[in-house]
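# Coordinate analysis (summary)
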Amino acid sequence: MARIGTSELDVFPLNLGGNVFGWTADRDESFRILDAFVEGGGDFIDTADSYSAWVPGNSGGDSERIIGAWLADRKPQGVTVATKVSQHPDFRGLSAANVRAAAEASIERLGVESIDLYYAHFDDESTPLEETVAAFGELVQDGLVQYTAISNYTPERIREWIRIAREIGAPEPVAVQPHYNLVERGIEQTILPLAEEFHLGVLPYFSLAKGFLAGKYRSAADAGSPRAGAAKEYISEKNLALIDGIERIAQAHGVSIATISLAWLRSRPTVVAPIASASRVDQVADLLAAGRLELAPEEIAELDRLSA
């Protein structure tokens, strides 16, 4: 198990992403994925109130509704659910009134008494940060949220959030969710030192670079699925050499390329639990394996070199 920041949240060190629920995984497949994840020892699920509003026929909150239905049906013990606010079509931004209304709507969809970990999904510079920080603090005070967190904020704004929280006596965030993986390492000079300074747990998203770091895409022709998105932007001579290096290490361990890519992320300072999605139940085993595999120092060094 891994601990998020200095909080009491101890979680399995791989965070199951719920962004595909109600999109590339329908309700039944989502249930099977969640079942397999929990039966395999997983206990940490990440979603957002905006997932998956971009799908025709969806309205936002679709992933939360599926997770809520699964929680009600399965009644699992000890599962931690994280969700986010600011991007739902009906609850955009981070004004105090919006934050509370969105949290209450998420609680209803999830069917829980309180949200375990609540993120500010994207910064809202049109709202004074003091108002947002206070609103998050009031949610904790009122028992609607257990712990707060930040996603997609600059280091300067994270530092300012923490300063304000300390000044007004609001709970400080315990985690930060940045874009980070073997081909996107820019935060190592910015977010990671800040996370270490303030004891924030780092929970990276796009941990598999939209599938590229699972070895799925080795040419532009391969990147044609709905989720592939910008995966083809990573296809280069350097990155394909990286995939070859990951594959060599994967073969030595008898695991998948995805498992090694995620295990490398777990080895990084302050990283608690990389977020990875499964759109099919047969992908869950690779994610669970990444939560348990410890790479040797020389393997980490080789991946550092190839991805530098």
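Structure shown above.
Residues numbered from 1 in each chain as written. Predicted model: local features only at pLDDT ≥ 70, side-chain atom pairs only at ≥ 80, totals over all residues. Heavy atoms only, no water.

Ordered in space as β11-β10-β9-β8-β5-β4-β3-β12, the eight strands form an open sheet in which the pairing is parallel. Edge strands, defined here as strands with exactly one partner in the open sheet, are β11 (201–202) and β12 (275–277). Pairing geometry for strand β9 (residues 145–151) and strand β10 (residues 175–177), over three bridges, is parallel. When the sheet's bridge partners are listed, Ala149 is paired in β10 with Ala175. (Pairing = 2+ DSSP bridges. Helix = DSSP H or I, 4+ residues; strand = E, 2+ residues; numbered from the N terminus.)

So, about the pairing of β9. Among the seven residues that make up β9, five are buried, leaving the element largely enclosed by the rest of the structure. Where strand β8 (residues 115–120) and β9 come together, five bridges link them in parallel fashion. Along β9, the bridge assignment pairs Tyr119 with Ala149. A crossover links β8 with its parallel partner β9, the connecting element being helix α4 (residues 129–141), and its sense is right-handed. Viewed along the sheet, the connection from β9 through helix α5 (residues 155–168) into β10 turns out right-handed. (Buried < 20%, exposed > 50% of the residue type's maximum accessible area, 1.4 Å probe, protein only. Right-handed = clockwise from strand over helix to strand, strands pointing away.)

Time to look at the packing of aromatic side chains. Across all of its chains, the model carries nine aromatic pairs by this definition. Ring geometry for Tyr205 against Phe206: centres 5.1 Å apart, planes inclined by 65°, an arrangement best described as edge-to-face. Within the aromatic cluster, the residues linked to one another by ring pairs are Tyr118, Phe136, Tyr153 and Trp161. Here Lys84 stacks its cationic end above the ring of Tyr119, 5.6 Å away from the centre of that ring. (Phe/Tyr/Trp six-rings, centres within 6.5 Å; stacked < 30°, edge-to-face > 60°. Lys NZ or Arg CZ within 6 Å of the ring centre and 35° of its normal.)

Attention shifts here to the environment of Ser279. Position of Ser279 relative to the elements: it lies in the loop between β12 and α9 (284–290). A C-alpha to C-alpha distance of 18 Å links Ser279 and Gly68, two positions 211 residues apart in sequence.

Inspection of every chain in the model, using the stated rule, returns 20 salt bridges. Among the ionic pairs, Arg157 bridges to Asp123, the shortest N-O distance being 2.6 Å. Here Asp123 lies in the loop between β8 and α4 and Arg157 lies in helix α5, a separation of 34 residues in the sequence. Note on Asp123: relative accessible area 23%, which makes it partly exposed. Note that Glu302 and Arg305 form a salt bridge whose closest N and O atoms lie 2.8 Å from each other. (Salt bridge = Lys/Arg side-chain N within 4 Å of Asp/Glu carboxyl O.)

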